[in-house]
Amino acid sequence: MDKVKATVIAAISALMSWLGILAAPVFLMVGCNIIDYITGIWAAGYRTENVNSYKGIRGIIKKVCMWLLVLIGAWIDVLINHTIEYAGVGIELPFVVATVVAVWLVVNEIISILENMLDIGVHMPPFLLPVVKYIRKQVEDKAKVPGEEGEESNED
């Protein structure tokens, strides 16, 4: 049993070391995905909709696609680092794009969990949902790219 524990701890430690700044959002995503799925099933009983296997599968597919978005963000980070290395610049960036994507997804999952709880009838502090939505807006605002829809470009 001790060898199993040591192996699991070593594997998780290696994964966290490799992920670096992406580790916390990834582990939060795991927890949020599970909690959102469970609270969504519970909340369905309080809504006019019925729980069925089709909706359950759609929910799982949605969660898998969230993970694919983080993977795509990581691929973009790898491409950026490859380009920087090829250009001869002596720096390496951590998983910046993947981390922003993961944080945005975690915040959206938290919003979904809170909405599920509201549907269930859980009373919560009135500031909680607006605070989380504010955090999402801050992430979106910080990640805006010049020339993006709704933003003026400085190109001449």
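In what follows, the structure referred to is the one given above.
Anyway, here's the lowdown on the structure attached to this text. For clarity, every value in this text was computed on a predicted model and none was experimentally measured.

### A closer look at the overall build of the protein chain
- Within the protein chain, the secondary structure is distributed over 5 helices and 0 strands.
- If you list the helices and strands of the protein chain from N to C, you get α-α-α-α-α.
- On C-alpha atoms alone, the protein chain measures out to a radius of gyration of 19 Å, which is more than a quarter above the 15 Å that the 2.2 N^0.38 rule sets for 156 residues.
- Considered along the principal axes of its C-alpha atoms, the protein chain spans approximately 60 × 60 × 30 Å.
- Across the 156 residues in the protein chain, those meeting the buried criterion constitute 25%.
- When contacts within the protein chain are restricted to residue pairs at least 6 apart in sequence, those whose partners lie at least 24 apart make up 64%.
- Looking at the protein chain as shown, the accessible area adds up to about 11200 Å², and 68% of this sits on carbon and sulfur atoms.

### Topic: the packing of helix α2 (residues 23-44) against helix α3 (residues 53-86)
- Axis separation between α2 and α3 bottoms out at 11 Å; the angle between their running directions is 170 degrees. Judged by the angle between their axes, α2 and α3 are roughly antiparallel. Remark: the crossing between α2 and α3 carries right-handed chirality. Contacts between α2 and α3 pair V26, M29, V30, N33, D36 and Y37 from the former with G56, G59, I60, K63, M66, W67 and V70 from the latter.
- Looking at the contact of α2 with α3 residue by residue, the classes come out as 8 nonpolar, 3 polar and 2 charged.

### A few points about the packing of aromatic side chains
- Counted by the stated rule, this structure contains 1 aromatic pair.
- Ring plane angle 65 degrees and centroid distance 5.5 Å describe the contact between W18 and F95, whose orientation is recorded as edge-to-face. With W18 in helix α1 (residues 2-19) and F95 in the loop between α3 and α4 (96-120), this pair connects stretches of sequence that are 77 residues apart.
- For W18, a relative accessible area of 59% corresponds to the exposed category.

### What to know about the packing of α1 against α2
- α2 packs onto α1 with a crossing angle of 120 degrees between their chain directions and a minimal axis gap of 8 Å. By the angle class used here, α1 and α2 are oblique. Residues I12, L15, M16 and L19 of α1 touch α2, and the partners they reach there are A23, V26 and F27.
- Here the residues of the contact of α1 with α2 are counted per class, giving 7 nonpolar, no polar and no charged.

### Description of the nonpolar core
- Ranked by internal contacts, the top residues of the largest apolar core, which has 15 residues, are L22, M29, V70 and A98.
- When residues of this core are traced back to their parent elements, those giving at least two are α2, α3 and α4.
- Looking at this core, the element that brings in the most residues is α4, giving 5 residues.
- Aside from chain neighbours lying at most four places away, what touches V70 is L22, M29, A98, V101, A102 and L105.
- One finds V107, L114, M124 and L129 within the second-largest nonpolar core, a separate group that totals 6 residues.

What counts, and at which threshold
Residues numbered from 1 in each chain as written. Predicted model: local features only at pLDDT ≥ 70, side-chain atom pairs only at ≥ 80, totals over all residues. Heavy atoms only, no water. Helix = DSSP H or I, 4+ residues; strand = E, 2+ residues; numbered from the N terminus. Rg over C-alpha atoms; globule rule 2.2 N^0.38 Å. Buried < 20%, exposed > 50% of the residue type's maximum accessible area, 1.4 Å probe, protein only. Contact = heavy atoms within 4.5 Å. Areas by Shrake-Rupley, 256 points an atom, 1.4 Å probe, with all protein chains shown as cover. Axes fitted to C-alpha atoms, helices over the stretch in contact; angles between N-to-C directions. Parallel < 35°, antiparallel > 145°, perpendicular 65-115°, else oblique. Left-handed = near helix turned anticlockwise from the far one by under 90°. Nonpolar A, V, L, I, M, F, W, Y, C, P; charged D, E, K, R; others polar. Phe/Tyr/Trp six-rings, centres within 6.5 Å; stacked < 30°, edge-to-face > 60°. Core = buried A, V, L, I, M, F, W, Y, C linked by side-chain atoms within 4.5 Å.

These figures come from the coordinates and say nothing about function on their own.
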